[in-house]
Each structure stands twice: as structure tokens, then as C-alpha cells.
Amino acid sequence: MIDPLLVTQEPRRADDRGSHADRWQADARPIARAAADDAPVTINEPPSGVPLPDFRAVVRAREVLYFLTWRDVKVRYKQTAIGAAWAILQPLLAMLIFTLVFRRLAALDSEGVPYPIFAYCALVPWTFFATAVTQAGG
């Protein structure tokens, strides 16, 4: 291992014979300890409070964020028959099924709110939670 406190005094000559270690020791001298003691000291500490995201950095990188998001959407729905429309059709079909099952068959009351909107408002957080748990397991 090379000692970090050694520096080269002069370049080696091509006619210099001997092992690499011999040449290194012959061309090196220790650095003064006082210079190492005067080096600035940096102390890393975790930030206090709740760390907030830097929204200015997001605004500066908005084009990169747009293209990366668009790339992910294209890759995800590239091999599907109906493409990105599946992201819209899936929750709508779930809302229709919940409306038919729970409103018609179970006769649940939505207290004046149209039942499809009532069901959709419950499906959005549930779908988010179920997807997050599924992907976290992966």
C-alpha cells in the first residue's frame, strides 16, 4: 500500500534500474505534519427537522422529468393491446363492478352521493395502497 504522506520529489529517469518499490522510496519524502494539521475539518451531520424536497431543482429539470416519465409510460404499455388506455379503463371497470355489486345486489346506501363517484373515491386510495404494497415486495 502506498503511504499518502509521501510525494514525488523529481521524475524518474529511464536509465534508473531497480524495483518499483526501491524507486518509489528513493524519489519520495514525507510531507510535513504541520500541513496535515492545518487542513480544514468538515463535520457531516443530519439535517434537523423535516427535509423538504428542492422544488427549484425539479423545475430546472422539468424537461428531463417529462422525458423520463414519458419513456416509462411507453415502455410499460408498449406490448399491450389497448396501450395506455388500460390505465384509465382498469379503474373505470372496477368502479362499474363495485357499483353493480354493492349498489344493486347488496343495496348499500351512499347517503345522497352518486354511487359511482362514491365507489371511485374509495377505489383510488385502495388501488394506490395495493399497488404500493405489491411493488414494495418486489
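Residues numbered from 1 in each chain as written. Predicted model: local features only at pLDDT ≥ 70, side-chain atom pairs only at ≥ 80, totals over all residues. Heavy atoms only, no water.

Asker: Talk me through the packing of helix α5 (residues 86–105) against helix α6 (residues 115–137); I want residue IDs and the actual numbers.
Answerer: It is the contact of α5 with α6, at a shortest axis distance of 9 Å, that shows an interaxial angle of 120°. Here α5 lies oblique to α6, going by the angle between them. Helix-helix and strand crossings are classified by hand; for α5 and α6 the assignment is right-handed. For the pair α5 and α6, the contacting residues are Pro 91, Ala 94, Met 95, Phe 98, Thr 99, Phe 102 and Arg 103 in the first and Tyr 115, Pro 116, Ala 119, Tyr 120 and Leu 123 in the second. (Axes fitted to C-alpha atoms, helices over the stretch in contact; angles between N-to-C directions. Helix = DSSP H or I, 4+ residues; strand = E, 2+ residues; numbered from the N terminus. Parallel < 35°, antiparallel > 145°, perpendicular 65-115°, else oblique. Left-handed = near helix turned anticlockwise from the far one by under 90°. Contact = heavy atoms within 4.5 Å.)

Asker: So what's going on with the environment of Asp 72? Which residues, and what values?
Answerer: Mapped onto the elements, Asp 72 comes out in helix α4 (residues 62–76). A distance of 3.3 Å separates a polar atom in the side chain of Asp 72 from a polar atom in the side chain of Arg 71. (Polar contact = N/O pair within 3.5 Å; in protein donor to acceptor, adjacent residues only side chain to side chain.)

Asker: Give a description of the pattern of salt bridges that names residues and reports values.
Answerer: In the structure shown here, the tally under the stated rule is two salt bridges. The shortest N-O distance in the salt bridge between Asp 54 and Arg 56 comes to 3.8 Å. Taking relative accessible area as the criterion, Asp 54 reaches 40% and is therefore assigned partly exposed. On the basis of relative accessibility, which here comes to 62%, the residue Arg 56 falls in the exposed class. In this structure, the salt-bridge partner of Arg 71 is Asp 72, at a minimum N-O distance of 3.3 Å. Judged by its relative accessible area of 45%, Asp 72 is partly exposed. (Salt bridge = Lys/Arg side-chain N within 4 Å of Asp/Glu carboxyl O. Buried < 20%, exposed > 50% of the residue type's maximum accessible area, 1.4 Å probe, protein only.)

Asker: Account for α6, naming residues and giving values.
Answerer: The end-to-end C-alpha separation of α6 is 33 Å, in line with the 33 Å expected for 23 residues at 1.5 Å each. For α6, every residue scored as buried is listed here: Tyr 115, Ala 119 and Leu 123. At its buried positions, α6 is contacted by α5. (Expected span 1.5 Å × (residues − 1).)

Asker: Any chance you could break down the packing of aromatic side chains for me, citing the residues and the numbers?
Answerer: To describe a pair of aromatic rings, you give the distance between the ring centres and the angle between the ring planes. According to the stated counting rule, one finds four aromatic pairs in the structure shown. Seen from their ring centres, Tyr 115 and Phe 118 are 5.5 Å apart, and the 45° between their planes marks the pair as tilted. Here Tyr 115 and its partner Phe 118 are both found in helix α6, three residues apart, which amounts to about one turn of the helix. A residue is classified by how much of its surface remains accessible, and Tyr 115, at 5% relative accessible area, is buried. Geometrically, the ring pair formed by Trp 126 and Phe 129 is tilted, given 5.8 Å between the ring centres and 45° between the ring planes. Here the residue Trp 126 and the residue Phe 129 both occupy positions in helix α6, the gap between them amounting to three residues, near one helical turn. What makes Trp 126 exposed here is its relative accessible area of 54%. We classify Phe 129 as partly exposed; its relative accessible area is 48%. (Phe/Tyr/Trp six-rings, centres within 6.5 Å; stacked < 30°, edge-to-face > 60°.)

Read these as spatial facts, not as claims about activity.
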